[in-house]
Amino acid sequence: MSEKAKISYGGKEYEVPVVVGTENEHALDISSLRSQSGLITLDYGYKNTGSTSSAITYLDGENGILRYRGYPIEQLAEKSSFIEVAYLLIYGELPTQLELQKFEGDIRNNGMVHEDYKRILSGFPSRSHPMGVLSSLVTSLTAFFPQSLDPNRSPEGVNLSIMRILAKMPTFAAWTYKHKIGHPLNYPSPHMDYCSNYLHMMFNQPGTEYEVDPVVSNALDKLLILHADHEQNCSTSTVRITGSSMGSLYTSVSAGINALWGPLHGGANMAVIEMLENIREDGGDTKKWMDKAKDKDDPFRLMGFGHRVYKNFDPRARIIKKAADDVLIKLGVSDPILDIAKGLEEVALNDEYFVERKLYPNVDFYSGIIYRALGIPVDMFTVMFALGRLPGWIAQWKEMRENKEPIGRPRQVYTGYNERPYKPLNER
Ligand code: CMC
């Protein structure tokens, strides 16, 4: 018999079922609480609210554990490839050789986008932020593939939408950048692997054939793996909630891109570099900036620090810190802001304010330093995050649709006026 928990309020007791996950996480299923008692639960920012059950990603913030479909992130980052991880997240198992070949082949064959995309792009001013352009291009896939809007499409049809977005997103990302700097656009190269193809579209220029450095494409591949999923974060919850209204994959992913953009979420990687640059230009006094971060009257926060769920360390940050050292050495790049970042981290890890609040470097603290070493411009960093997070968004959208989850619709506690009569204009 399943366990029950008792909630007592106003002299009455109500029973709610306890749900237990495969890692022995316990949750109170309060869905019947309102019909039993008229009570709702209130949890700003959903800090302690499970919105769904999911078999995709396991995260234990206290112990710094992250696993995709049961596989530890450390092993995937070391041994797997982004495409293999994308398959794992979306379909639930690591692919066989044959499955991987087909998956890669389907992605290679779908990278081209309609020539009219050039006209769409030309409408964006060059000062547009790449995230806004990217989300618009993804939404506009619904115009080129209107069948994708049908929520009751066959599994084959859904799969085609998945292949298309996985394949076209690198093209959109690279074209967004090329358009911004006013350079001619490069077409996707079906003979290249995912990351090399993207880098080629980003950096190839007419007359000087761009040769993809394997150090660069491997580093990018690892970064994308580390960003590929992170259970019910802000953007993923947005994807699921958009999809819950029977929103299509493309509209849901586009919503996710917009949710990711903010500096408290994916936009942090860009904000970290801007912050480190400011500290450097200001003379490199890390203590002064730490004091600013601790001052409650100062809106400044140490970007790349802190996490809603990791309260010990972010396992992705550990892998990335080491990768940043390796990549910079391999590429022969020396970046003064890497030293500033390490100095800041050292001070923060020994500072009472940060220790008390369990604030540690997160995935974005060092990722921007690697992107910079790879030649990616700062305002494209969050686009890189979106490229990495895409398989996670797809997997979560697919799971939510396959589970036939109900439309997402939270409740609220109303704090406004009670009923009052309308006043005509001349009486106000
Ligand atoms: N610098 C200074 N103080 C901080 C920071 C920070 N980066 N992060 C949290 N705090 C303080 C905060 O002021 C609060 O203090 P107090 O208890 O005295 O009011 C306490 O720590 C708890 O913070 P919170 O805002 O309630 O925590 P949260 O779980 O709501 O926010 C966070 C998590 C990631 C939004 C936050 O830590 C933050 O703003 N970090 C900087 C932005 C950042 O790096 N974001 C990337 C997150 S990882 C990538 C991703 O998955 O999106």
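Residues numbered from 1 in each chain as written. Predicted model: local features only at pLDDT ≥ 70, side-chain atom pairs only at ≥ 80, totals over all residues. Heavy atoms only, no water.

Attention now moves to the overall build of the chain. Of regular secondary structure, the chain possesses 19 helices and six strands. Its C-alpha atoms give the chain a radius of gyration of 23 Å, near enough to 22 Å, the size a compact globule of 428 residues would have. For the C-alpha atoms alone, the extent of the chain along its principal axes is close to 80 × 65 × 55 Å. Within the chain, buried positions represent 47% of all 428 residues. The long-range share in the chain, meaning contacts at least 24 apart out of those at least 6 apart in sequence, stands at 71%. Split by element, the accessible area of the chain, about 21900 Å² in all, is 52% carbon and sulfur. Within the chain, the 53 negative side-chain charges are centred at a point lying 6 Å from the centre of the 47 positive side-chain charges. (Helix = DSSP H or I, 4+ residues; strand = E, 2+ residues; numbered from the N terminus. Rg over C-alpha atoms; globule rule 2.2 N^0.38 Å. Buried < 20%, exposed > 50% of the residue type's maximum accessible area, 1.4 Å probe, protein only. Contact = heavy atoms within 4.5 Å. Areas by Shrake-Rupley, 256 points an atom, 1.4 Å probe, with all protein chains shown as cover. Lys, Arg positive; Asp, Glu negative; His and termini not counted. Charge placed at Lys NZ, Arg CZ, Asp CG, Glu CD.)

In this sheet, strand β2 (residues 12–20) lies alongside strand β1 (residues 4–9) in antiparallel orientation, the contact comprising six bridges. Its bridge partner being in β2, A5 is matched across the sheet by V16. (Pairing = 2+ DSSP bridges.)

This next bit is on empty space enclosed by the protein. Summed over all chains, the structure comprises three cavities of 30 Å³ or more. Here the largest cavity defines a volume of roughly 90 Å³. Lining the largest cavity are S148, D150, P151, R153, V158, S161, S248, L249, Y250 and W397. Elements with a contribution of two residues or more to the lining of the largest cavity: α8 (155–181) and α12 (249–260). Tallied by class, the residues present in the lining of the largest cavity amount to five nonpolar, three polar and two charged. (1 Å grid on protein atoms, 1.4 Å probe; cavity = no way out; pocket = protein on both sides within 12 Å on 5 of 7 lines; lining within 4 Å. Points joined across faces, edges and corners; volume = space filled by probe spheres on them. Nonpolar A, V, L, I, M, F, W, Y, C, P; charged D, E, K, R; others polar.)

By nearness alone, 22 residues border the ligand, and H265, R301, L302, G304 and R308 come closest of all. Contact between the ligand and K47: an oxygen atom at 3.0 Å from a side-chain N or O atom of the residue. Between a nitrogen atom of the ligand and a main-chain N or O atom of F305, the distance comes to 2.8 Å. Relative to its unbound accessible surface of 940 Å², the ligand loses 79% to contact with the protein. Residues that form the shell around the ligand fall into these classes: 10 nonpolar, six polar and six charged. (Near = heavy atom within 4 Å. Polar contact = N/O pair within 3.5 Å; in protein donor to acceptor, adjacent residues only side chain to side chain.)

What follows deals with the environment of G132. Note on placement: G132 falls in helix α6 (residues 130–139). Along the backbone, G132 and A259 are 127 residues apart, and their C-alpha atoms lie at a distance of 11 Å.

On to the domain arrangement of the chain, then. Taken domain by domain, the chain holds domain 1 (4–66) and domain 2 (67–405). Every contact between the two is made by 19 residues of domain 1 and, on the other side, 25 residues of domain 2. Scanning the region where domain 1 abuts domain 2 turns up one salt bridge. For the salt bridge of E23 with R67, the shortest nitrogen-to-oxygen distance reads 2.9 Å. Taken together, the connections running from domain 1 to domain 2 amount to 13 residue pairs in polar contact (both at pLDDT 80 or more). Elements represented by at least two residues in the side of domain 1 that touches domain 2 include exactly β4 (57–60) and β5 (65–68). Here the element with the most residues in the side of domain 1 that touches domain 2 is β4; it accounts for three residues. (Domains from an automatic or database assignment. Salt bridge = Lys/Arg side-chain N within 4 Å of Asp/Glu carboxyl O.)

What follows concerns the sheet that holds β2. As summarised here, the arrangement of the three strands in space is β1-β2-β3, forming an open sheet in which the pairing is antiparallel. For this open sheet the edge positions go to β1 and β3 (26–28), each flanked by a neighbour on one side alone. In this sheet, neighbouring strand axes are inclined to one another by 35° on average, regardless of whether the strands run parallel or antiparallel. Sheet analysis places β2 next to β3, joined by three bridges and oriented antiparallel. Opposite V19, over in β3, you have A27 as the bridge partner. (Axes fitted to C-alpha atoms, helices over the stretch in contact; angles between N-to-C directions.)

Moving on: the sheet that holds β5. Ordered by their spatial adjacency, three strands build an open sheet running β4-β5-β6, and the pairing between neighbours is antiparallel. The two strands at the open ends of the sheet, each matched to only one other strand, are β4 and β6 (71–72). Across two bridges, β5 lies against β6 in antiparallel orientation. Each residue of the ladder has a partner; that of R67, found in β6, is P72.

Let us now look at the packing of α6 against α8. It is the contact of α6 with α8, at a shortest axis distance of 10 Å, that shows an interaxial angle of 140°. What the angle tells us is that α6 and α8 run oblique. Helix-helix and strand crossings are classified by hand; for α6 and α8 the assignment is right-handed. Contacts between α6 and α8 involve P130, V133, L134, L137 and V138 from the former and I165, M169, F172, A173, T176 and K180 from the latter. (Parallel < 35°, antiparallel > 145°, perpendicular 65-115°, else oblique. Left-handed = near helix turned anticlockwise from the far one by under 90°.)

This brings us to a nonpolar patch on the surface. On the surface, I40, L42, Y44 and V413 cluster together to form a nonpolar patch covering roughly 430 Å² of accessible area. The topology assignment puts V413 in the segment after α19 (381–402). Looking at V413, the relative accessible area reads 47%, which means it is partly exposed. (Patch = residues over 30% accessible without salt bridge, like charges linked within 9 Å, V, L, I, M, F, W, Y side chains within 5 Å.)

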